[in-house]
Amino acid sequence: QVQLVESEGGLVQAGGSLRLSCAASGRSSDYHMGWFRQAPGKEREFVASINWSGRSTYYADSVKGRFAVSRDNAKNTVYLQMNSLSPEDTAVYYCAARRGWGSGGYYTAVEYDYWGQGTQVTVSS
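Report on the accompanying structure. (Residues numbered from 1 in each chain as written. Predicted model: local features only at pLDDT ≥ 70, side-chain atom pairs only at ≥ 80, totals over all residues. Heavy atoms only, no water.)

### Here we look at the overall build of the chain
Assigned secondary structure in the chain consists of zero helices and 11 strands. Going residue by residue from the N terminus, the α and β elements of the chain occur as β-β-β-β-β-β-β-β-β-β-β. Relative to the globule expectation of 14 Å for 125 residues, the C-alpha radius of gyration of the chain, 13 Å, shows essentially globular dimensions. The principal-axis extent of the C-alpha atoms belonging to the chain is close to 40 × 25 × 25 Å. Scored against the burial criterion, the 125 residues of the chain give a buried share of 48%. Contacts in the chain between residues at least 24 apart in sequence constitute 60% of all its contacts with a sequence separation of at least 6. By element, 46% of the accessible surface of the chain is carried by carbon and sulfur atoms, the whole surface being about 6400 Å². Charged side chains in the chain number 12 positive and 11 negative. The centres of these two groups are separated by 6 Å. (Helix = DSSP H or I, 4+ residues; strand = E, 2+ residues; numbered from the N terminus. Rg over C-alpha atoms; globule rule 2.2 N^0.38 Å. Buried < 20%, exposed > 50% of the residue type's maximum accessible area, 1.4 Å probe, protein only. Contact = heavy atoms within 4.5 Å. Areas by Shrake-Rupley, 256 points an atom, 1.4 Å probe, with all protein chains shown as cover. Lys, Arg positive; Asp, Glu negative; His and termini not counted. Charge placed at Lys NZ, Arg CZ, Asp CG, Glu CD.)

### Regarding the pairing of strand 7 (residues 67–72)
The alternating pattern of strand 7 places Phe67, Val69 and Arg71 on a buried face and Ala68, Ser70 and Asp72 on a face that is not buried. Here strand 7 pairs with strand 8 (residues 77–82) via six bridges, running antiparallel. Bridging from a neighbouring strand, alanine 68 pairs with glutamine 81 of strand 8. Counted along the chain from strand 7 to the antiparallel partner strand 8, the turn is four residues long, and its residue asparagine 76 has a positive phi close to 55 degrees. (Pairing = 2+ DSSP bridges.)

### A few points about the sheet that holds strand 8
An order of 1-3-8-7 is seen for the four strands of this open sheet, with the pairing classed as antiparallel. The open sheet has two edge strands with one neighbour each: strand 1 (4–6) and strand 7. Adjacent strand axes in the sheet meet at a mean angle of 15 degrees when their direction is disregarded. (Axes fitted to C-alpha atoms, helices over the stretch in contact; angles between N-to-C directions.)

### Digging into the environment of tyrosine 114
Checked against the element boundaries, tyrosine 114 lands in strand 10 (residues 114–115). Between the alpha carbons of tyrosine 114 and alanine 96 there is a distance of 5.5 Å; along the sequence they are 18 residues apart. With near-sequence residues (within four places) excluded, tyrosine 114 lies in contact with Gln1, Val2, Leu4, Tyr31, Cys95, Ala96, Ala97 and Arg99. A distance of 3.1 Å separates polar atoms of two side chains, one belonging to tyrosine 114 and the other to arginine 99. (Polar contact = N/O pair within 3.5 Å; in protein donor to acceptor, adjacent residues only side chain to side chain.)

### What about the pattern of salt bridges?
In this structure the tally under the stated criterion is six salt bridges. Across the pair aspartate 30 and arginine 27 runs a salt bridge whose closest N-O atoms are separated by 3.0 Å. Here arginine 27 falls in the exposed class, since its relative accessible area comes to 54%. For glutamate 45, the salt bridge is made with arginine 37, and the minimal N-O distance between the two is 2.6 Å. Beyond isolated ion pairs, a larger network of salt bridges with shared partners links Arg37, Glu45, Arg66 and Asp89. (Salt bridge = Lys/Arg side-chain N within 4 Å of Asp/Glu carboxyl O.)

So far we have only geometry, and geometry alone does not tell us how the molecule works.
Given below as structure tokens:
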């Protein structure tokens with residue numbers, strides 16, 4: 001079992017940047033890692049994911065070209081670099097882990113086994 005702890009989010013102005021990190025208690029290289037977000041009144045949605053080696057990354061269309069997911073398995077940490085933020089990016093962001101080394105993006109929440117507690121990101125206009 002792995003525990004996931006996200007870094008603190010924050011308040012940022014539109015057009016700004018923010019980097020989130022997610023530290024895993026176990027060996028993160030055993031997991032495909034994902035980022036999801038949930039805005040008030042909306043369902044949790046896929047943002048980005050990265051395979052166990054870091055060689056393959058996957059993005060939601062809404063963040064493609066603005067967000068970048070990466071990982072450092074030596075530190076058991078996954079990152080989400082968010083650039084050109086807009087108020088529509090305001091949400092609670094969750095880190096998630098899926099056991100195994102399969103291929104694919106794993107775009108739905110049910111495909112993940114472990115979740116972080118979530119961190120609030122607020123983008124002001």
